[in-house]
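Breakdown of the fold
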Amino acid sequence: KYYYDIVAPIIDGARIRGILGVSIDMTDRKLAEAKLTRHVQQMAALTHIGQAVLASFDLARVLEKVVDEVYPFLQAEGVSILLREGENELVFAASKGAGAGELIGQRIPATAGVAGEVARAGRSVQITGEQRQTQIYRDIEKVSGVHVQSLLAVPLVLGSEVIGVIEAVHSLPQAFTGDDLSLLE
């Protein structure tokens, strides 16, 4: 809780007769300010991503910039971008966080796990806690070192074609919110 306190003396001539105090609950205002600050920071990150896209024709740099900007807002243990490679594979093209260096270049079947589902269906997926744990592609955990309990996955769409997936992962259940999913979308 956040309170704003005002205290003033009650004066009668030269004597203090009492004290008047007012305490105002500022909790809702502080929470709204924090939410607004986070929203402004997210918009700034999106602006930086847009500038990177416009300033560079180097796809690897653009993807790296995207994960660099998104990572701190999600408080994820890892954020990765997987791109389609032909019809049968997804390849880790950019990554930040746990196991990032080892993930770059790793390939998974295009039908594997949540990333495969998102790439096929073109729809975002959020997994928290026990729900849908069997859909997570556990083989990649040997590389990243993260036992995923929470996952966000969003399709990357160019025109009308899904070209890849951006994923955020965490080893704690309930690590992500609907706002986090909206940020990735």
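Report on the accompanying structure. If you're wondering where the values come from, they're calculated on a predicted model, not measured in any experiment.

Next up on the list: the side chain of Ser144. Summarising the element assignment, Ser144 is placed in helix H5 (residues 141-144). Ser144 sits in the buried class, given a relative accessible area of 14%. For Ser144, the contacting residues outside a window of four places in its chain are Ala98, Gly99 and Leu103.

Let us look at the pairing of strand S4 (residues 89-97). Relative to S4, strand S3 (residues 78-85) runs antiparallel, the two being bridged by eight bridges. What sits directly across from Glu85, in S4, is Glu89. The antiparallel pairing of S3 with S4 creates a hairpin that spans three residues between the two strands, and Gly86 there sits at a positive phi of about 70°. Examined bridge by bridge, S4 and strand S5 (residues 107-109) share three bridges and lie antiparallel to one another.

Calculation rules
- Residues numbered from 1 in each chain as written.
- Predicted model: local features only at pLDDT ≥ 70, side-chain atom pairs only at ≥ 80, totals over all residues.
- Heavy atoms only, no water.
- Helix = DSSP H or I, 4+ residues; strand = E, 2+ residues; numbered from the N terminus.
- Buried < 20%, exposed > 50% of the residue type's maximum accessible area, 1.4 Å probe, protein only.
- Contact = heavy atoms within 4.5 Å.
- Pairing = 2+ DSSP bridges.

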